[in-house]
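# What the coordinates show
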Amino acid sequence: MISIYPSMVDGEKNKNKIVFIYENYYSFMAYTAGEILNHSKHDVEDVVHSAILKIIENIDVVDITDVNKVKNLCGVIARNKAIDFLRAKKNQVLSLDDDNVFAEISGSDTDPGELLVNIEAYDIILEEIRKLPDIYRDVCLLKYVNSMKEKEIAALLGLTESAVGVRIYRAKQILKEALRKENIDV
Amino acid sequence: MFNKTSEEVLSKAFSEYATEKISSYPSDSKLKEMYPIPKKHLTIYRRKAQEHKHGKRIGLIYLKRIVVACLVIILLTISAVAVAPQVKEYFTKKYKTNVSNVDDNVISFNFDSRENDTDQDVNSYVIGYLPEEYKAVEEINIYRQSRQHICILDDSRYLIIDINFADTVELSITTENVSYTVQVINDNIMHISYNDEEQCGTIHWTDGDILILISGYVSYDELIKIAENIK
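Residues numbered from 1 in each chain as written. Chains lettered and ligands numbered in written order. Predicted model: local features only at pLDDT ≥ 70, side-chain atom pairs only at ≥ 80, totals over all residues. Heavy atoms only, no water.

### Some words on the overall build of chain B
The condition that has to hold: Secondary structure elements are taken from DSSP: a helix is a run of H or I of four residues or more, a strand is a run of E of two residues or more, and numbering for both begins at the N terminus. Burial classification: accessible surface area is computed with a 1.4 Å probe over protein chains only, and a residue below 20% of its type maximum counts as buried, one above 50% as exposed, and the rest as partly exposed. Should any heavy atoms of two residues lie within 4.5 Å, those residues are considered in contact.
On a plain count of helices and strands, chain B comes out with 6 helices and 11 strands. Counting only residues that meet the buried cut, chain B has 33% of its 231 residues in that class. Sequence separation of at least 24 residues holds for 48% of the intrachain contacts in chain B that already meet a minimum separation of 6.

### A word on the nonpolar core
Heads up, the rule is: Joining through side-chain atoms within 4.5 Å is the link that ties buried Ala, Val, Leu, Ile, Met, Phe, Trp, Tyr and Cys residues into a set, and such a set is a nonpolar core.
If you look at the biggest cluster of nonpolar residues, it comprises 64 residues, and the most contacted ones within it are M29, I55 and I125 of chain A together with F14 of chain B. Among the elements of the structure, α2 (12-36), α3 (41-57), α4 (67-90), α6 (120-131), α7 (134-144), α8 (150-157) and α9 (161-181) of chain A together with α1 (6-23) of chain B are those that each provide at least two residues to this core. Among the elements that line this core, the one with the most residues is α2 of chain A, at 10 residues. Excluding anything up to four places from it in sequence, I55 of chain A contacts I18, I21, M29, V62, C74 and I77 of chain A. The next biggest cluster of nonpolar side chains, apart from the first, holds 26 residues, and it includes Y194, I203, W205 and I214 of chain B.

### Considerations on a nonpolar patch on the surface
Where we set the bar: Patches here: salt-bridge-free residues with over 30% relative accessible area, like charges joined within 9 Å, nonpolar side chains (Val, Leu, Ile, Met, Phe, Trp, Tyr) joined within 5 Å. Using the Shrake-Rupley algorithm and a 1.4 Å probe, accessible areas are obtained, with residue cover drawn only from the displayed protein chains. Basic side-chain nitrogens of Lys or Arg form a salt bridge, by our definition, when they fall within 4 Å of a carboxyl oxygen of Asp or Glu.
There is a patch of nonpolar side chains on the surface, built from L60, L63, V67 and L71 of chain B and spanning about 370 Å² of accessible area. For V67 of chain B, a relative accessible area of 42% translates into the label partly exposed.

### Section: the pattern of salt bridges
Tallied over the entire structure, the rule returns 9 salt bridges over all chains. Taking the shortest distance from any N to any O, the salt bridge between D84 of chain A and R87 of chain A comes out at 3.5 Å. Linking D84 of chain A with R87 of chain A, this pair stays in helix α4, spanning 3 residues, or about one helical turn. Judged by its relative accessible area of 21%, R87 of chain A falls in the partly exposed class. Close ionic contact of E128 of chain A with K131 of chain A constitutes a salt bridge, the shortest N to O distance being 4.0 Å. Highlighted residues: E128 of chain A and K131 of chain A, both in helix α6, separated by 3 residues, approximately one helical turn. Salt bridges sharing common partners tie together E127 and R130 of chain A together with E20 of chain B.

### Side note on the pairing of strand β11 (residues 210-216) of chain B
All names here are of chain B. The criterion, for reference: Note on pairing: two strands pair once DSSP finds at least 2 bridges between them.
With 7 of 7 residues buried, β11 lies mostly within the body of the structure. Alternating positions in β11 separate into two faces, I210, I212, I214 and G216 on one and L211, L213 and S215 on the other, with burial throughout. Two elements, strand β6 (residues 158-165) and β11, share 7 bridges in a ladder whose sense is antiparallel. The residue of β11 that forms the bridge with F165 is I210.

### So, empty space enclosed by the protein
For clarity, the cut-off: Definitions used throughout: a 1 Å grid over protein atoms alone; a cavity as a set of points that fits a 1.4 Å probe which cannot get out; a pocket as an open set with protein on both sides within 12 Å along at least five of seven lines; a lining residue as one with an atom within 4 Å of a point. Grid points are joined across faces, edges and corners, and a volume is the space filled by probe spheres set on the points.
Taken as a whole and judged by the stated rule, the model has 4 cavities of 30 Å³ or more. In this structure, the second largest cavity spans a volume of roughly 80 Å³. For the second largest cavity, the full set of lining residues is F28, K71, N72, G75, V76, R79 and L141 of chain A together with Y17, A18, K21, I22 and Y25 of chain B. Among the elements that take part in the lining of the second largest cavity, α4 of chain A stands out by supplying 5 residues, more than any other.

### Structural notes on the packing of aromatic side chains
Filter applied, for reference: Stacked, edge-to-face and tilted labels apply to pairs of Phe, Tyr and Trp rings (six-membered ring for Trp) whose centres lie within 6.5 Å, assigned for plane angles under 30 degrees, over 60, and everything in between, in that order. Lysine NZ or arginine CZ positioned within 6 Å of the ring centre and within 35 degrees of the ring normal marks a charge as sitting over the ring.
On inspection of all chains with the given rule, the structure shows 7 aromatic pairs over all chains. Members of the aromatic cluster, connected to one another through ring pairs, are F28 and Y31 of chain A together with Y25 of chain B. Just above the ring of Y35 of chain B sits the side chain of K41 of chain A; from NZ or CZ to the centre is 5.6 Å. Positioned above the aromatic ring of Y122 of chain A, the side-chain terminus of K12 of chain B is 4.5 Å from the ring centre.

### Remarks on unusual backbone geometry
All names here are of chain B. With a phi close to 50 degrees, N186 is a non-glycine residue in the positive phi region. With respect to the element layout, N186 can be found in the loop between β8 (179-185) and β9 (188-195). Within the chain, D187 stands out as a residue other than glycine whose phi angle is a positive 65 degrees. Considering the arrangement of structural elements, one finds D187 in the loop between β8 and β9.

### Focus on the layout of surface pockets
All names here are of chain B. Each pocket or cavity is described by its volume, and for the largest pocket that value is around 190 Å³. Along its surface, the largest pocket is lined by 15 residues, and T174, S193, G201, T202 and S215 are the ones closest to its centre. Going through the elements one at a time, β7 (170-174), β9, β10 (200-207) and β11 are the ones with two or more residues in the lining of the largest pocket. Among the elements that line the lining of the largest pocket, the one with the most residues is β7, at 4 residues.

### Describing the sheet that holds β6 of chain B
Residues and elements named next belong to chain B. As a reminder of what qualifies: To obtain an axis, a line is fitted to C-alpha atoms, over the contacting stretch when the element is a helix, and the angle between two such axes runs from 0 to 180 degrees between their N-to-C directions.
The antiparallel open sheet is built from 7 strands, whose spatial order is β4-β5-β6-β11-β10-β9-β8. Each of the sheet's edge strands pairs with one partner strand only, and the pair in question is β4 (138-142) and β8. Adjacent strand axes in the sheet meet at a mean angle of 15 degrees when their direction is disregarded. As judged from the 5 bridges shared by β4 and strand β5 (residues 146-152), these two strands associate in the antiparallel manner. Residue pairing in the sheet places N141 in a bridge with Q148 of β5.

### Section: α8 of chain A
All names here are of chain A. Rules: Note that the arc is computed from the directions linking the helix axis to the C-beta atoms.
Regarding α8, the residues found buried are I153, A154, L156 and L157. All buried residues of α8 lie within an arc of 165 degrees about the axis, which places them on one face of the element. Contacts made by the buried residues of α8 are with α3, α4, α7 and α9. Phi for G158, located one or two positions after α8, is positive at around 70 degrees.

Structure, rendered in structure tokens:
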């Protein structure tokens, strides 16, 4: 099977990337998806397959030189595909109303991205990141760990670019709120 | 204490979280035990891969291939049916003789148009030239409807000149390892096949209802010269 995925991409470099990811991170993706799917192996296989297809679609933006970055990317995609899979299985509709929140951004007088934080706030931020819902944290992981642009994240996760922007905005708002609660001036 | 923009802090914090999260997973070897690369579902993967590559359902891909294959077969069949008679007609018209079949290695001729009231006579032809070595061994056989000049030098060399009423003869010429040409000599269209390696060949033509055939181990020039001098 491993010979099939490379045939779907152009260029030797990209083919090597796919082989590398498949050989080294299949099990990692499966485990990540399995955490959400209660380790149902049959479902996990389908999810990992669709995750790999998604990686193939976006192979140009995948950087395999940093192990943590690759694992992060694979983990995020596998987790998102697993969530999509569960939603489809339960016939649930995404409840996140990204478009409405987008209006909040336009009307907001403070951009969380321009905030200054000091080092004391760092631990609080890290702790709050651990508590962030996956849907916010995943886009942030891709943005801040993999240095991906919002457009690339949108393509990878099957979202609109504005939805990605909204999720990042909301994540920052949550972090900002947490800092305020601790009376840290932001 | 230092200040940084939140973007830099967020990058650091999220990277630390990612490292922390990744390190919380079981080891790679353990993961591979838990989730080995599956060997089943190969067909499904292959189908999906094909669909992904072509951007279409696999059924449509195969349907398209089948339709294309059918069209090619139909076109080839039509071409073969259409062209075969044309080849035959081409030879018939060009060489003004009755080519009955043409395939890879053989051209066959049928001579069946003899007029009942013809006044032609096989004995009226004069053979004006024979190579010197064959003159000495010439044997002439004259029958009612044919005349043969048979010259046998030894086991490997002979020359035969055959003059017949055409309707009595069916002729096949091999085109394998020989050069096949058609030349006009003495206003007759002559079919010449010659094997350069063996230094032997055949030349034949029809004159009215008479078929003249020369076959033997002579040089190409000698063969032509013999033909030119049969009048």
